[in-house]
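# Summary of the model geometry
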Amino acid sequence: MENALVALSDGLAVVVEKAGRAVVAVHGRPRVSSSGVLWRPGVVLTADHTLRREDGVRVTLPDGSAVPAEIAGRDSGTDLAVLKIDAADVPMDGQAPSVLKVGNLALVVGRSADTGASATLGVVSSLSGAWHTWRGGQIDQFVRLDAGVYPGLSGGAVVDAQGGFIGIATLGLSRTSPLAIPVSTIERVAAELLEKGHIARGYLGVGLQPVGVPQHLKDRLGIAGKSGLIVLSVEAEAPAGRAGVGIGDVFVALDGKPVGDTEDVRAALGAEYVGKTVQASILRGGALIELPIKVGERPRRSA
């Protein structure tokens, strides 16, 4: 047993050492640095919520040298940011695990300018399919970690026991536990950020809350969904406001698809809908009306 534990310990240390060659410290907020991953030569990925300024960002490389970094793009919806640096260190080369299971060991590897590489060990505590974050982004797989991810590790690499790259650690997408942003999401978002600097998302400009629809109205008006979304607030100059949506209106469908939860609306407002017109089915005063709404682009948050 002792030999097996020593072998496991030594094996994990080797994995951390290898992953650490592609992990940097990111200085983008006061006092506490975060971590980042060398994704491609001259390209670093980190957790967007750890960047508190647009200028003066620096990166400490694995060899201890510090270089200036330029924010090439950021997306609060998926909590990813892309930095460009004038350096060509070894990028992360661990292949994503072919099968990820609940209970698999997960190492979170970060870096600090003061202490060098750091790591914490845990497990993948839960997995599920694609989901929309509370900030409006789409993550291809929900990967929750049971690991002690302290603030300086956000943006660091999450790897399995063989060094396979699971994703990037973040404390910014869940109020209860650390998550791993999976590789498939990283590839998709990073490519668009490098090309455009941001992720375009559809925007109506309304505050919505689920509400039940009386059965007699559903029967009389042919409403398919079990519930709708009542409008609690409307931005006058936003797409919905310009289209005539008012407080108290109840959305029951968008382009013929029932909407009974805000997740349904987010799913119907992908980047491909920006600038296009959707048909909103709205319950107003006991009648069902159709309003065309030209989808806008969600305003970007400032740092």
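In this report, we go over the structure that sits alongside the text. (Residues numbered from 1 in each chain as written. Predicted model: local features only at pLDDT ≥ 70, side-chain atom pairs only at ≥ 80, totals over all residues. Heavy atoms only, no water.)

Another aspect to go through is the nonpolar core. Ranked by internal contacts, the top residues of the largest apolar core, which has 46 residues, are Val59, Leu83, Ile85 and Phe165. With sequence-adjacent residues up to four places away left out, leucine 83 is seen in contact with Val26, Gly42, Val43, Val44, Thr46, Leu51, Val57, Val59, Ala69, Glu70, Ile71 and Ala72. Counting 18 residues, the second largest nonpolar core, distinct from the first, contains Val265, Ala268, Leu269 and Leu291. (Core = buried A, V, L, I, M, F, W, Y, C linked by side-chain atoms within 4.5 Å. Buried < 20%, exposed > 50% of the residue type's maximum accessible area, 1.4 Å probe, protein only. Contact = heavy atoms within 4.5 Å.)

A few words on the environment of asparagine 104. Mapped onto the fold, asparagine 104 is located in the loop between β6 (80-85) and β7 (105-112). Residues asparagine 104 and glycine 122, spaced 18 residues apart in sequence, show a C-alpha to C-alpha distance of 8.5 Å. A polar contact is formed between the side chain of asparagine 104 and the backbone nitrogen of lysine 101, at a distance of 2.8 Å. (Helix = DSSP H or I, 4+ residues; strand = E, 2+ residues; numbered from the N terminus. Polar contact = N/O pair within 3.5 Å; in protein donor to acceptor, adjacent residues only side chain to side chain.)

Read around the closed barrel, the six strands follow the order β1-β2-β3-β6-β5-β4; overall the barrel is antiparallel. Pairwise comparison of adjacent strand axes, ignoring direction, gives a mean angle of 40° for this sheet. Sheet topology places strand β5 (residues 66-75) next to β6; six bridges connect them, and they run antiparallel. When the bridges of β6 are listed, aspartate 75 appears paired with leucine 80. (Pairing = 2+ DSSP bridges. Axes fitted to C-alpha atoms, helices over the stretch in contact; angles between N-to-C directions.)

Here we come to the pattern of salt bridges. Opposite charge on two side chains permits pairing when their charged atoms draw close. A full pass over the atoms with the stated rule returns seven salt bridges. One salt-bridge network, held together by shared partners, links Asp48, Glu54 and Arg74. (Salt bridge = Lys/Arg side-chain N within 4 Å of Asp/Glu carboxyl O.)

Backbone geometry at aspartate 79 places phi at a positive 60°, although glycine is not the residue there. In this fold, aspartate 79 is placed in the loop between β5 and β6. Classification of aspartate 79 as buried rests on a relative accessible area of 0%. At aspartate 255, a position not held by glycine, the phi torsion is positive, near 50°. Checked against the element boundaries, aspartate 255 lands in the loop between β18 (250-254) and β19 (257-258).

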